[in-house]
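Geometric and topological summary
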There are 4 protein chains.
Amino acid sequence: MRIGVLTSGGDCPGLNAVIRSVVHRGTDVHGDEIIGIEDGFLGLIESRARPISHDDVTGLLTLGGTILGSARVQREKIRWAVENSAELAARLGIDALIAIGGEGTLTAAKLFSDAGLPVVGVPKTIDNDIDATDATFGFDTAVHVATEAIDRLKTTAESHQRVMVVELMGRHTGWITLTAGMAGGAHGILVPEKPFDIEAVARMIEDRFRRGKKFAIIAVAEGAQPLPGTLRFEHGEVDRFGHQTFGGIGTRLALELENLLGKEARPVILGHTQRGGTPTALDRVLATRFGWHAVEAVHQGAFGHFTALRHTEIHLTPIADGVVRLKTVPPDRWIESEAVL
Amino acid sequence: MRIGVLTSGGDCPGLNAVIRSVVHRGTDVHGDEIIGIEDGFLGLIESRARPISHDDVTGLLTLGGTILGSARVQREKIRWAVENSAELAARLGIDALIAIGGEGTLTAAKLFSDAGLPVVGVPKTIDNDIDATDATFGFDTAVHVATEAIDRLKTTAESHQRVMVVELMGRHTGWITLTAGMAGGAHGILVPEKPFDIEAVARMIEDRFRRGKKFAIIAVAEGAQPLPGTLRFEHGEVDRFGHQTFGGIGTRLALELENLLGKEARPVILGHTQRGGTPTALDRVLATRFGWHAVEAVHQGAFGHFTALRHTEIHLTPIADGVVRLKTVPPDRWIESEAVL
Amino acid sequence: MRIGVLTSGGDCPGLNAVIRSVVHRGTDVHGDEIIGIEDGFLGLIESRARPISHDDVTGLLTLGGTILGSARVQREKIRWAVENSAELAARLGIDALIAIGGEGTLTAAKLFSDAGLPVVGVPKTIDNDIDATDATFGFDTAVHVATEAIDRLKTTAESHQRVMVVELMGRHTGWITLTAGMAGGAHGILVPEKPFDIEAVARMIEDRFRRGKKFAIIAVAEGAQPLPGTLRFEHGEVDRFGHQTFGGIGTRLALELENLLGKEARPVILGHTQRGGTPTALDRVLATRFGWHAVEAVHQGAFGHFTALRHTEIHLTPIADGVVRLKTVPPDRWIESEAVL
Amino acid sequence: MRIGVLTSGGDCPGLNAVIRSVVHRGTDVHGDEIIGIEDGFLGLIESRARPISHDDVTGLLTLGGTILGSARVQREKIRWAVENSAELAARLGIDALIAIGGEGTLTAAKLFSDAGLPVVGVPKTIDNDIDATDATFGFDTAVHVATEAIDRLKTTAESHQRVMVVELMGRHTGWITLTAGMAGGAHGILVPEKPFDIEAVARMIEDRFRRGKKFAIIAVAEGAQPLPGTLRFEHGEVDRFGHQTFGGIGTRLALELENLLGKEARPVILGHTQRGGTPTALDRVLATRFGWHAVEAVHQGAFGHFTALRHTEIHLTPIADGVVRLKTVPPDRWIESEAVL
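Looking at an unreviewed UniProt entry, one finds chain A named ATP-dependent 6-phosphofructokinase and attributed to Kitasatospora griseola. Taken verbatim from the UniProt record of chain A, the Cofactor (unreviewed entry) comment is "Mg(2+)". Per UniProt, chain A has the following entry under Catalytic activity (unreviewed entry): "beta-D-fructose 6-phosphate + ATP = beta-D-fructose 1,6-bisphosphate + ADP + H(+)".

Here's the deal with the interface of chain A and chain C
Residue-level contacts link 37 residues of chain A with 37 residues of chain C. Carbon and sulfur atoms make up 52% of the surface buried where chain A meets chain C, a total of about 2700 Å² over both sides. At the boundary of chain A with chain C, the tally comes to zero salt bridges. Linking chain A with chain C are 18 residue pairs in polar contact (both at pLDDT 80 or more), by the criterion used here. Among the elements that take part in the side of chain A that touches chain C, helix 6 (residues 139-160) of chain A stands out by supplying eleven residues, more than any other.

Some thoughts on the environment of Leu316 of chain B
Following the sequence through the fold, Leu316 of chain B ends up in strand 11 (residues 313-318). For Leu316 of chain B, the residues in contact, after removing those within four places along its chain, are His293, Ala297, Gln300, Ala302, His305, Phe306 and Thr307 of chain B.

Some thoughts on the pattern of salt bridges
Counting across every chain of the model gives 76 salt bridges over all chains. Of the charged contacts, one joins Arg210 of chain A and Asp207 of chain A as a salt bridge, the two residues approaching to 2.9 Å between their closest N and O atoms. One end of the pair is Arg210 of chain A and the other is Asp207 of chain A, both in helix 8 (residues 198-210) and three residues apart, which spans about a single turn. Residue classification places Asp207 of chain A among the partly exposed positions, given a relative accessible area of 37%. The residue Arg333 of chain C makes a salt bridge to Glu336 of chain C at a minimum N-O spacing of 3.3 Å. Taken together, the residues Arg333 of chain C and Glu336 of chain C, both in helix 12 (residues 331-337) and three residues apart, mark about one turn of the helix. When salt bridges that share partners are traced, they join Glu38, Asp39, Glu46, Arg48 and Arg50 of chain A into one network.

Notes on the interface of chain D and chain B
Taken together, the contacts link 37 residues of chain D with 37 residues of chain B. Taking both partners together, chain D and chain B bury about 2700 Å²; carbon and sulfur atoms supply 52% of that area. Per-residue buried area on chain D facing chain B is highest for Arg152, Ser159 and His272 of chain D; these three make up 26% of the total on that side. Here chain D is connected to chain B by zero salt bridges. Remark: the boundary between chain D and chain B carries 18 residue pairs in polar contact (both at pLDDT 80 or more).

Section: the domain arrangement of chain A
Frequently, the measure chosen for interface size is the accessible area that the parts lose on association. All names here are of chain A. Annotation of chain A at the domain level lists domain 1 (2-138 + 279-322) and domain 2 (141-275). Listed by partner, the interface residues are twelve residues for domain 1 and nine residues for domain 2. In total, about 870 Å² of surface goes out of reach between domain 1 and domain 2, with carbon and sulfur atoms giving 52% of it. There are zero salt bridges connecting domain 1 and domain 2. Where domain 1 touches domain 2, the interface holds five residue pairs in polar contact (both at pLDDT 80 or more).

Looking at the packing of aromatic side chains
Taken as a whole and assessed by the stated rule, the structure comprises eight aromatic pairs over all chains. Measuring from centroid to centroid gives 6.2 Å for Phe137 of chain C and Phe290 of chain C, while their planes differ by 70°, and the two rings are edge-to-face. Residue Phe137 of chain C is found in the loop between strand 5 (119-123) and helix 6 (139-160), and its partner Phe290 of chain C is found in helix 10 (residues 281-300); the two are separated by 153 residues along the sequence. Each ring, one from Phe41 of chain D and one from Phe112 of chain D, has its centre 5.3 Å from the other, and the planes form 15°; the classification is stacked. Taken as a pair, Phe41 of chain D in helix 2 (residues 41-45) and Phe112 of chain D in helix 5 (residues 103-115) lie far apart in primary sequence, 71 residues in all. In this pair, the class of Phe41 of chain D matches that of Phe112 of chain D, namely buried. If you follow Arg208 of chain B out to its NZ or CZ, it ends over the ring of Phe215 of chain B, 5.2 Å from the centre. Lying across the ring of Phe209 of chain D, Lys263 of chain D places its NZ or CZ 4.9 Å from the centre.

Basis of the calculations
- Residues numbered from 1 in each chain as written.
- Chains lettered and ligands numbered in written order.
- Predicted model: local features only at pLDDT ≥ 70, side-chain atom pairs only at ≥ 80, totals over all residues.
- Heavy atoms only, no water.
- UniProt positions renumbered as here; feature names shortened; annotations may be inferred.
- Contact = heavy atoms within 4.5 Å.
- Buried area = accessible area lost by both parts, 1.4 Å probe.
- Salt bridge = Lys/Arg side-chain N within 4 Å of Asp/Glu carboxyl O.
- Polar contact = N/O pair within 3.5 Å; in protein donor to acceptor, adjacent residues only side chain to side chain.
- Helix = DSSP H or I, 4+ residues; strand = E, 2+ residues; numbered from the N terminus.
- Buried < 20%, exposed > 50% of the residue type's maximum accessible area, 1.4 Å probe, protein only.
- Domains from an automatic or database assignment.
- Phe/Tyr/Trp six-rings, centres within 6.5 Å; stacked < 30°, edge-to-face > 60°.
- Lys NZ or Arg CZ within 6 Å of the ring centre and 35° of its normal.

Here's what the structure looks like:
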């Protein structure tokens, strides 16, 4: 068969490992030809693609990013592509497509499948927020990077008796922040699922200080929100330390805490370092297994399905079941962590 | 309550994180006193123990090893201890025990529980071979260390056109070797569950060379066995390169391949580096959650149970169910890896 | 002898390794008593100190930060302390002092030495800007952390065809930025020693794009300055992407480039992660050697001197010679790097 | 100009970074054509070479090994090549050669230069044993890998009250063992430069145990030698634990200590993991600078010279001066480390 493969949406460590695995399984075992489509659905629309051979994927297991590129495509363009999917597939000469991407990509994959371009999905999100799978690749790497940063911040916070606020990825869900926060031993963890009370955060830190501890680490997801009306400084306002409020929640939170506690608080924004670079061993294996099973799914005709991890096994799951709702951090996990405020 | 805690059996990254978590949850939330028992069941027998406070566990999240020590105890001594468990518990003044250990420890924990010393178990094995839990802490760290080593060996093997044999931990099961082998992109993976054919290994390597590849990496579990009668060199024999056969399967395999291929093959034995040092983020979180749930289990009276991960949640599981059989690498995973020979 | 030891100024990986080394050499070999003074010169002034034994320094080799704490002290207080140094030393019962710190600390150490409190200095700066020594501990660790971040950013920048601006430590000198920039293969390196032309930076990036490269990494020291009048956006101004100018040079530079290039540019601010955590092997060894030689210097009476690395050996150097001028990045190194713009 | 470049001798992290740097400087700045010669001097003899462009070196900064390959060549073949150097150069159409290699390569480079093939040398040795340069690339990476292993072994040794013997690279010099041993806090360091007294090692360990310490780490260079007649077990002999003496000094030393101390001692042999994989930041920068200066040397006609680091600058040094003698660990450093026995 001629199988197209594309990567869509934000960067995620392990994308290249999926591509490598698809090529290994497809070409070596099934005698498939694998066609790499450039820049996600944009390459499908514009017929930009190239065959990928076994040699082309040498070294991809450890390489972050995606050799196929990725681009955002407007919803109308996707709709147009779905309507013309048979012709687009014919132009590239592909019999089936493996689409690696997040919720949006899987939803689109379902539309293509229904419209006649047979697609198998591979879920991709560093946020770990797809409900039907126990895990997605990229998440462990993001947590690894964030945890290393918290480990490093701890000693410097302790030596200088400081409050450190680490802003981590996660607009809608707090998995990275919860997991890296627990792994790094953060004293406060703020997630989008639970609006935080800035005064409760300040009280927790003051309690620590009263018990003789000299520092505190707060891990905050970029999408975490204060309870309405509890932040004291407006954007652009200058506080008594001469610091101006600006930027994301991490920077704002540090400023608020500084003023509530009367004590230096510093923000650290890890940003894109969390989604680049060599994947962890766990993510490489998960990505490799997803790629293997995606090829098998194509040959079994399990279109409109995506690969999902349950316990330790990979299951093919109807896309419709996987994207119904976001997997958010449940209250059980807040209680268990003892640091979600 | 006064809760004893002990670590038993081989070293495993995350043991200290469990201890820390038990102390945090027990003392801060339930007002328990936590008594650290030294050197596993030996300390229970010899009444060597000390209270552990919140301050004592500072820094333990990232520290490998176990601050309580661990020692092997003869089976008869355990039997004696079980018979005298009420008195031993009374001497230490403990109401319940959290025993962190492998299959043997959990089995003993069950015996103690039945004999009247209420015990909750926390499973510990870097080998990941306990059936009732999706994962155990320490395993991910061992895989991480092994994968880093394979990553490093690859470039040197390639530059010098060499065969490298990496011997990894796993006497009875091949999980570390399978996982690190897949994560590192090893070309052959040899596990205890499937006796290997040395000539099949040699043929795979020769095939690679014929396709223009200049090196090969073989990951072999220390417990992997050749098919009977297929190794050509006896222990102590000297080959035509002047190399003597000795040591474990890694060293022997390198020598056999060297002679079958007429090409340099080098063994690397990672040994105890796999079970020491800072745990990965994943292992820290799993260990922390196990500790939290073990304390809850004590307060719920769920004795004779142990903490187990299923999907993403921790469940209390009867010890009797968990130690029935070893979780071995199933044939499905051999096929999927495409490298198990 | 009774030897006081203090750490002063900003945090720096390797401080604890110096303390450990001073204790090992002092107590084990010379039979000294080592007195740890808390919070730098503040502890000297307030007579806050405690003896440190061999057991107290267990585990310090790998621990970031400083167990003695560090605090900034106003210049007048230092002056007062110098005048009263004999009495302050008598209160703590110390015969000599080892002061670990940056340029300011060394200068103060000289004043104390001249006033009668015999002091040996150990230079400490992650910025690597002390002229009389080939290297200082902490610098290699900062470069290591920064390089890992650039490595990770590269793959994500490449996959998404983005410009990434990484702001690194260095207010007055560009050593960290130059070294991590070269190690990470940054395409542009901006250092405080050479005001940069924002349009030259933009042209370099456009040249890359014209040659088919799809991304660029710019490493910028926090103290780097644009040529006067070349930035187009005022603080607080909002650009056509809706982004507001705020924060340090990294954030501002990303915004300027975004507007000059018409292409997404993202800032990453590593901040305090660069100065915390476990020191690299190199820094541990340098710190250990400095500690050893500082104790020897005390016993040789080489007061008013500090430990300096030249080639591969440690030399005792008059403090007066070491703090004359800042070691800045010389033009030779700009040329050699080919990326300093 | 057309400049050949070859890598010769054992693998070393940073080789690819030199090649990348030569290509960047040569092609981008001087308009040179860079010809990559395969498998060291063998490729020169057999005229196996290919042009290397800017695109060919993408990604090489972080890649271990050498894309050019490396092979050992018999001395007579080198002699023949020297005699025929003009013709060999003509066949490849090269005007000059940059030879990256160890002592043997630099010596050969000198012979070629004298015979009319203009050669500039770049020193390469993970052992750090070339006298005329303060440092060579690859060494810091080897130390980094070895130190990480010792860090991991420490916690497992401590938990199980064990003696661990770590065998590190270094046949003739002990720099890796000294440096990683100090960085890892090894309690005994055994180097080739000083034959060790096995009973002194055992006494040091017994002293530790008497002071209440429960474990010991011994770092031993593969070339370290016992004082004559002090090992008790012959090769192949079986001790009372049923362990057989075999293998290198690490394995033998563990067995001897086990018998002298009556306590479990385990060897760990890191082997080739020390010379593979991604170079440290320091090694990448040094390799890059060496490559830059080698190209400059070619254009300045500084043939018969090699690049050497002195303090923080690169100097071109006559090859004759650089290979006179091995840089061994001097007694000053033994004393300073306090662990060399």
